[in-house]
Structures are given as C-alpha cells and as structure tokens.
Amino acid sequence: MSSEKMHIDPYEKKFMVIGIVVLVVFAISITVAGFMLGIQVPSPSQLIDPNTVADSGPYADPGLKELSPGNYELYILATASPWRFYPEEVSVPVGATVTFHVTSADVQHGFKLQDTNINFMVLPGQQSTLTYTFEETGEYPYVCTEYCGVGHQNMYGVITVE
Ligand code: CUA
C-alpha cells in the first residue's frame, strides 16, 4: 500500500468542487423556499376512487365549506362528461385562507388559479391540495391546464374575492 495521496486531475477537482457548491446552493434554496417563503410542492393528499367520488363524501356536493371564521376548504371536482369544474363560481371574503382540494372523476386534468401559486395536476384517483390566502379583492379565474379532450377549453371558473 502506498502512502501517497490519491492523484486527482485538477479539472476533475474543480468539477467536484462545483458539484458540491451547486448541491449546497440547492439545499439552501429549498430550505428558504419551504420554510421562509412558504412555497409548497403539490402532492397527493389523499387517494380517492374516481368511480364513486361524485356519489358520496365532499365531492358529492363540492364547493366552499367554512371551517372557522376566515378559514375555508374548497372542494372542486373536474370532469370530462361534460367538460367542466364543479363549482364554476366561488365567492370568498378578502383575507380568507382557502385550502383547495381538487380531484378528477375521469381523466387527467389541470388546475391553475391565475395570479397565485395554485397550480397542479388533477388526477383521477388522487386529491391535490394547496392552501392560499386571498389578501386582495378581485376576480381570480381558474382553468384546466392539461389537454383533456375536445371540451378542454370549456373548463374554467372564477373565484371572486370581495
Ligand atoms: Cu380538463 Cu383540460
């Protein structure tokens, strides 16, 4: 066994340093985004049977539910028969914190709420959940962002903050 140090080519060494610096920067960015800026990664919050989702439970009567003053849950069901969201119109008071729960009864849809960071895929069999606080009054349109069939362009709605 030689006691000599392992030889590393200077270019390779530079590359390793760059790689480690990039990893550290990413780790710091994710920590800041997650814990200080409140950026959330949409992830399935629950598994749901798409065949029965409209028959019972919150998606049988989708819409806004008030949990406590200023705190709401909003259940939205996306369907392709016909192509639309249930509901298509929602009103909330300014300052409301709304937890969005969205699922699909059939094919893959998308959900994007304009001027917010609410943007996720809507998959049959799972519920997507994100929370947003409406600090400003106005109209916030939402649309389907995944091509889901010939009626895709009919899938839209609006949240009115008053
Ligand atoms: Cu639903 Cu596009």
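Cut-offs used in this document
- Residues numbered from 1 in each chain as written.
- Predicted model: local features only at pLDDT ≥ 70, side-chain atom pairs only at ≥ 80, totals over all residues.
- Heavy atoms only, no water.
- Buried < 20%, exposed > 50% of the residue type's maximum accessible area, 1.4 Å probe, protein only.
- Helix = DSSP H or I, 4+ residues; strand = E, 2+ residues; numbered from the N terminus.
- Pairing = 2+ DSSP bridges.

**Some thoughts on the pairing of strand 6 (residues 97-104)**
So, step 1. Summarising burial for strand 6: 7 of the 8 residues are buried, a large majority.
So, step 2. Both strand 3 (residues 71-80) and strand 6 contribute to a ladder of 8 bridges, which runs parallel. When the sheet's bridge partners are listed, Y75 is paired in strand 6 with H101.
So, step 3. Two strands pair when backbone bridges link them, and strand 6 and strand 9 (residues 126-133) are joined in this way by 6 bridges, in the antiparallel orientation. By the bridge assignment for strand 9, V102 is matched with S128.

**As for the pairing of strand 10 (residues 138-143)**
So, step 1. Bridge count between strand 7 (residues 109-113) and strand 10: 2 bridges; the pairing is antiparallel. Each residue of the ladder has a partner; that of K112, found in strand 10, is V143.
So, step 2. Here strand 10 pairs with strand 11 (residues 156-161) via 6 bridges, running antiparallel. Bridge pairing links E139 to T160 in strand 11.

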